[in-house]
Amino acid sequence: MTDTDPTTKTGTDPTHGETRAATDSETHDATAELALVDVTKRYGETTALEDISLAFRPGEFHGLIGPNGSGKTTLFALLAGLVRPSSGRIERSTATVGYSFQEPRFYPSLTVRENLEVFRGFVDDPPPASWLETLLEELRLAPAADRRADQLSGGFRKKLDLGIALIKRPQYLLLDEPLADVDDYSRRRIGRFLDDYRENDRTVVVSTHNVAAFADSLDRLSVVVDGRLRFDGAPGDDVVGQYRSLLE
Ligand SMILES: Nc1ncnc2c1ncn2[C@@H]1O[C@H](COP(=O)(O)OP(=O)(O)OP(=O)(O)O)[C@@H](O)[C@H]1O
């Protein structure tokens, strides 16, 4: 992690509040360790993303929203290194990236705790073992710790996948609909946990249709429509209305 100048965070970012896509040069600020630069991604005849430049900064809670099929999942897959851009490039430097996407990954015959221990074992320089206990508690996974993953309800599967995303305590946490299927009590608890995760310059990027659920947390908002970046900047007081007006 490089040193970060706190004055470069939300509020002093030159792209904030402006309804336009960041240009290539704007993504090259010293604080960004994870960025797409002029990225286009095609699947055969389909252009999923077109000429996107977008930087993710340390210590921000960054919302990525857009209608169905707008390219959000593709953007996350590029950031996670799961797919390659057709053109342009992904800048990741040495940043660690953890992710939870729509398809949960876990070992079905292992328990929740065993899954977390196995994924912890994959990490070169893992956080202390107490971090696993913290995740069980904070993600409300503790009641299911000794249950087999394939016998979990949908909400617990989602929480286990969140735990797997978090087990290496990544600098950048990419979450696709992290609260889908999660009960109200757990939502509040996990929401607070993700808010706090920003400490120590860690970044949370959430892709969601439910912008209202994260409105109070967002430091930054990026809106993708039809594979293009329609907006990148500060969320307004009425994020739902802001999003609606961007779609009109
Ligand atoms: N593996 C693939 N092969 C072909 N086309 C794909 C593939 N993955 C995505 N696409 C297409 O790329 C476009 C963007 O899809 P993507 O899944 O990234 O959107 P999304 O914003 O995540 O959608 P949703 O909100 O519905 O999950 C869509 O037109 C989709 O059909």
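Analysis parameters
Residues numbered from 1 in each chain as written. Predicted model: local features only at pLDDT ≥ 70, side-chain atom pairs only at ≥ 80, totals over all residues. Heavy atoms only, no water. UniProt positions renumbered as here; feature names shortened; annotations may be inferred. Helix = DSSP H or I, 4+ residues; strand = E, 2+ residues; numbered from the N terminus. Buried < 20%, exposed > 50% of the residue type's maximum accessible area, 1.4 Å probe, protein only. Polar contact = N/O pair within 3.5 Å; in protein donor to acceptor, adjacent residues only side chain to side chain. Phe/Tyr/Trp six-rings, centres within 6.5 Å; stacked < 30°, edge-to-face > 60°. Lys NZ or Arg CZ within 6 Å of the ring centre and 35° of its normal.

A. Here's a closer look at the UniProt feature "domain: ABC transporter" (unreviewed entry) in the chain. According to UniProt, the "domain: ABC transporter" (unreviewed entry) feature falls on residues 34-248. Secondary structure across residues 34-248 divides into 31% helix and 27% strand, with the first and last C-alpha atoms of the span separated by 30 Å.

B. Focus on the side chain of aspartate 219. Among the secondary structure elements, aspartate 219 is positioned in the loop between helix H6 (211-214) and strand E8 (220-225). With relative accessibility at 19%, the residue aspartate 219 sits in the buried group. In terms of polar contacts, aspartate 219 uses its side chain to reach the backbone amide nitrogen of phenylalanine 61, at 2.7 Å. In terms of polar contacts, aspartate 219 uses its side chain to reach the side chain of arginine 198, at 3.0 Å.

C. Looking closely at the packing of aromatic side chains. One pass over the full model with this rule turns up seven aromatic pairs. Seen from their ring centres, phenylalanine 119 and phenylalanine 122 are 5.5 Å apart, and the 80° between their planes marks the pair as edge-to-face. The buried category is assigned to phenylalanine 119, whose relative accessible area is 15%. Among the aromatic side chains, those forming a connected cluster through ring pairs are Phe76, Tyr99 and Phe101. The ring of phenylalanine 156 is capped by lysine 159, whose NZ or CZ atom sits 4.3 Å from the centre of that ring. Above the plane of the ring of tryptophan 131 lies arginine 169, whose end atom (NZ or CZ) is 4.7 Å from the centre.

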